[in-house]
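These are the residues of each chain, in order.
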Amino acid sequence: MKKLSIIFAMAAVALGFSSCKQEDNPQYHAPTTFTINEPALKNQAFRTSNEMTDAATFDLFCSQPDYGYSAICNYSALVSLDPEAPLDEWIALPNQNETSAAMSIKTFELGVAVNKLLDVTDAEDFDARNLGSQQFKCYFKAVCEIPSIEGSKIISSNTVSYDKVMISYAEKLPAWIFICGDVQNIDTGVANGFTAPSSSNYDLYKNNFALYEPENMIGEKLYVGVFNLTPKDSSMENFNEGNPDACAQFRFFTELLGWVNTASLGSNEADFYCLPITDKWGAGFSGDVVPQGLGNWGVFVTEPSPVTIVVDQINNKIFVKEGAHDVTFVGRDPEFN
């Protein structure tokens with residue numbers, strides 16, 4: 001009997017090791033089913049926003065499909081006014097937290113999509129059709145995929161709806177960030193000179209020192225601008241290329257909140273640190289952007305000198321090229337033409 005107990009105990013241990021081995025080596029397989037949950041507030045009326053910066057959202061929920069293991073997935077949604085419409089006629093809606101199955105979607109994004117589904121041409125067309133006083137039943141599907149696995153994308157087999165959506169006219173316009181420093185607007189001739197990035201100077205910054213998303217990259221958070229770098233006073237001590245303080249310096253702000261790091265994009269965390277890039281900017285400089293960084297990039301110039309700048313806020317990268325260039329993109333990589 002004692003021998004049998006030992007055998008059973010060893011078998012149990014072996015099974016335990018087998019179980020652990022299976023958990024440590026999960027096997028991917030393509031899911032066959034995926035559903036989206038009916039919204040609890042589907043009959044509650046709400047109006048979409050007409051402001052791109054409005055943070056108002058609505059919710060959609062789903063569960064991770066069976067990939068064979070608990071994976072890190074990206075979730076998003078599709079919307080249509082016709083539940084029977086072909087999939088290629090549904091419009092994608094980004095999830096504010098793309099890895100969460102509890103999707104939070106901006107009402108602005110929904111408004112833009114419904115305007116497209118209704119073939120609205122402009123604000124006048126929207127008003128003429130009296131669309132703002134109507135309620136629409138919007139249908140949704142969920143989308144899930146593992147970014148690193150090709151073919152893992154799956155769309156929910158069912159649809160759900162919000163039944164009382166009131167829309168505002170909304171269209172996506174290029175977003176922008178601001179440059180601050182020893183720079184000059186080439187067209188207006190206005191120089192920045194590290195003017196305070198405060199709300200009281202909004203018009204100055206918006207009209208002269210904004211980098212914009214290209215029309216074909218709206219929503220990608222890739223910002224492009226062409227400016228002059230303005231030289232420091234040549235009478236200053238050690239006015240030479242080896243002195244970072246003699247460089248024309250610049251950094252960026254996503255909002256004008258003052259000299260704080262809340263909305264800043266810099267070369268370093270330290271305030272007014274300077275990263276010299278003079279030896280690289282002619283051939284083209286690329287480097288890292290520090291979110292909430294207050295450090296500057298610097299280029300030694302002796303006369304106003306044009307420069308083309310691209311800031312990738314998603315990947316926290318900056319690209320700087322001497323001269324005024326048209327910029328195109330291959331994926332998210334800029335090409336200076």
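Residues numbered from 1 in each chain as written. Predicted model: local features only at pLDDT ≥ 70, side-chain atom pairs only at ≥ 80, totals over all residues. Heavy atoms only, no water.

Trainee: How would you sum up the overall build of the chain? Please name residues and give values.
Mentor: Within the chain, the regular secondary structure consists of 4 helices and 23 strands. Rg of the C-alpha trace for the chain: 27 Å, well past the compact-globule value of 20 Å for 337 residues, more than 25% over. Dimensions of the chain, computed from the C-alpha atoms along their principal axes, are close to 95 × 75 × 35 Å. Residues classed as buried in the chain amount to 43% of the 337 residues present. (Helix = DSSP H or I, 4+ residues; strand = E, 2+ residues; numbered from the N terminus. Rg over C-alpha atoms; globule rule 2.2 N^0.38 Å. Buried < 20%, exposed > 50% of the residue type's maximum accessible area, 1.4 Å probe, protein only.)

Trainee: Outline the nonpolar core, listing residues and values.
Mentor: Counting residues in hydrophobic clusters, the biggest one holds 36 residues, and the most contacted among them are Phe58, Leu60, Val79, Leu93, Leu110 and Phe140. For this core, the elements supplying multiple residues, two or more each, are strand S3 (57–62), strand S4 (74–80), strand S5 (91–93), strand S6 (102–106), helix H2 (107–117), strand S7 (136–145) and strand S9 (160–166). Looking at this core element by element, the count peaks at 5 residues for S7. Listed in part, the 32 residues of the second largest apolar core include Ala175, Val183, Ala210 and Phe285. (Core = buried A, V, L, I, M, F, W, Y, C linked by side-chain atoms within 4.5 Å.)

Trainee: Got a sec to walk through the confidence of the model for the chain? Specific residues and values, please.
Mentor: On average, residues of the chain carry a pLDDT of 92, and 93% of them reach 70 or more. pLDDT under 50 marks residues 1–23. Its contacts with residues more than four places away, or in other chains, come to 0 contacts. (pLDDT = per-residue confidence, 0-100. Contact = heavy atoms within 4.5 Å.)

Trainee: Go over the packing of aromatic side chains with me, naming the residues and quoting the values.
Mentor: Inspection of every chain in the model, using the stated rule, returns 18 aromatic pairs. By the ring-pair criterion, three or more aromatic residues cluster together here, those being Phe46, Phe58, Phe140 and Tyr162. The ring of Trp90 has Lys141 lying over it, and the distance from NZ or CZ to the ring centre is 5.4 Å. Note that Arg251 overlies the ring of Phe272, its terminal NZ or CZ placed 4.3 Å from the centroid. (Phe/Tyr/Trp six-rings, centres within 6.5 Å; stacked < 30°, edge-to-face > 60°. Lys NZ or Arg CZ within 6 Å of the ring centre and 35° of its normal.)

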